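# Analysis of the macromolecular model
Read off the chains here:
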Amino acid sequence: MNPKIGDLIYAGKAKDVYETDTPNHVIVKFRDDITAGDGIKCESLVKKGYYNSVISSKFFEILEESGIKTQYIELIKPGYMLCKKLRMIPLEVITRNIATGSIVKKFPFHHNQILNPPIIQMDYKNDVYHDPMLNDSITTALSLATQQELNNIRKITFKINNILKDFLLEKNILFPDFKIEYGFDSHGNIVLGDEISPDTCRFWDLKSWEVLDKDLFRNGESNVMDAYMKIASLILNNEDKEKWNISHILK
Ligand code: 5GP
């Protein structure tokens, strides 16, 4: 496919969405911007968009192969992903396999406590209200989703967690938690959208528990891109690495 990029229809904190010459298709451009704390902390990291688009594409491909409906059509080139157009649901669906981050601040979980079964939490994606945690009554009362849609989202999310957790374990990566977002496609199906990357997931080295994700940026560390490149290097096969010209990080 050789889609033409059209008008900008949405600009988020780290991605832009453009119309294409095909209705129901959009191009998602992954920018180099990285933010934390409702966008208060904001920087630009060279090639972050490049790596996040390649990493997200790999995860979307794995999920599609396992029967999960995603927005992904193809990676046109690093940074530019061709996707189905979705009407996004303003929910941040967070899955936790290990207690860390905000949950240990809000509830008496021990830091690094294994959560089995995993916790699925939904936050309202709304900067003005600082992404508050929802329950099903609030979500349905706000007409963000119906109870049936929420049940469906939970079912799909558990499946996604199992697929990605197992895949990452094989690559020697722990998967403490992640945030995903869903939308409706033109047929009204609930489809996985947004991205799956070190910006939206926690990834830890299996042996050392070294942090390999955006927490490095949140904590003011300087080696953020090294971690993102390491994740790409661990999850991509040699063919993908060659295709996307990231062989320089082959170790
Ligand atoms: P926590 O609630 O512990 O801060 O985050 C849990 C998981 O969800 C982490 O993997 C984190 O990256 C992701 N997450 C939660 N809220 C957001 C958000 O607003 N933006 C992004 N990019 N990730 C989020």
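In this report, we go over the structure that sits alongside the text. (Residues numbered from 1 in each chain as written. Predicted model: local features only at pLDDT ≥ 70, side-chain atom pairs only at ≥ 80, totals over all residues. Heavy atoms only, no water.)

## A few points about the site of the ligand
Which entries qualify depends on this criterion: Nearness is defined per residue: one heavy atom within 4 Å of the molecule or strand is enough. Polar contact is the term for a pair of N or O atoms within 3.5 Å; when the atoms are in protein, one must be able to donate a hydrogen and the other to accept it, and sequence-neighboring residues count only if both atoms are side-chain atoms. Only the protein chains shown count as cover for residues, and all accessible areas are computed by the Shrake-Rupley method using a 1.4 Å probe.
Neighbouring the ligand are 16 residues, the closest being R96, S102, D177, D199 and R202. At 2.5 Å, a side-chain N or O of S102 approaches an oxygen atom of the ligand. In this structure, R218 approaches the ligand through a side-chain N or O atom, which is 3.1 Å from an oxygen atom. Considered on its own, the ligand offers 490 Å² of accessible surface; in the complex 81% of this is hidden by protein.

## Focus: unusual backbone geometry
Applicable threshold: Strands are runs of DSSP state E lasting at least two residues, helices are runs of H or I lasting at least four, and both sets are numbered from the N terminus onward. Burial classes follow relative accessibility: with a 1.4 Å probe on protein chains only, a residue under 20% of its type's maximum area counts as buried, one over 50% as exposed, and anything between as partly exposed.
A cis geometry characterises the amide bond from N116 onward to P117, with omega recorded as 5°. Among the structural elements, P117 can be located in strand β10 (residues 114-124). The backbone phi angle of K47 is positive, close to 75°, even though this residue is not glycine. For K47, the position within the fold is in the loop between β5 (41-44) and α1 (48-65). Backbone geometry places N172, a non-glycine residue, at a positive phi of 65°. On the secondary structure map, N172 appears in the loop between α4 (147-170) and β11 (173-180). Residue classification places N172 among the partly exposed positions, given a relative accessible area of 37%.

## Considering the packing of α1 against helix α6 (residues 224-235)
Let me state the cut-off plainly: Lines fitted to C-alpha atoms define the axes here, with helix axes fitted over just the stretch in contact, and angles between the N-to-C directions of these axes take values from 0 to 180 degrees. The cut-offs work like this: below 35 degrees is roughly parallel, past 145 is roughly antiparallel, 65 to 115 is roughly perpendicular, and the gaps in between are oblique. It is the rotation of the near helix from the far one that decides the hand of a crossing: anticlockwise by less than a right angle makes it left-handed, clockwise makes it right-handed. In this description, contact between two residues means that some pair of their heavy atoms is separated by no more than 4.5 Å.
At a closest axis distance of 10 Å, the pairing of α1 and α6 adopts a crossing angle of 30°. With respect to α6, the element α1 is oriented roughly parallel. As α1 packs across α6, the resulting crossing turns out to be left-handed. Counted together, K48, Y51, N52, I55, K58 and F59 of α1 and M225, Y228, M229, I231, A232 and I235 of α6 form the full contact between these two elements.

## What to know about the pairing of β5
Condition: Note on pairing: two strands pair once DSSP finds at least 2 bridges between them.
As paired elements, strand β4 (residues 33-36) and β5 share 4 bridges and run antiparallel to each other. What sits directly across from D33, in β5, is S44. In textbook terms, the turn of a hairpin is the stretch between consecutive antiparallel strands, and for β4 and β5 this stretch comprises 4 residues, one of which, G37, has a positive phi near 60°.

## Comments concerning the sheet that holds strand β7 (residues 80-84)
On the basis of which strands lie adjacent, the open sheet formed by 5 strands has the order β1-β2-β3-β7-β6 and antiparallel pairing. The sheet is open, and its two borders are formed by β1 (5-11) and β6 (72-77), each paired with just one other strand. Direction aside, neighbouring strands of the sheet carry axes that sit 30° apart on average. Seen against the sheet, α1 touches β3 (25-30), β6 and β7 and runs at an angle of roughly 150° to β6.

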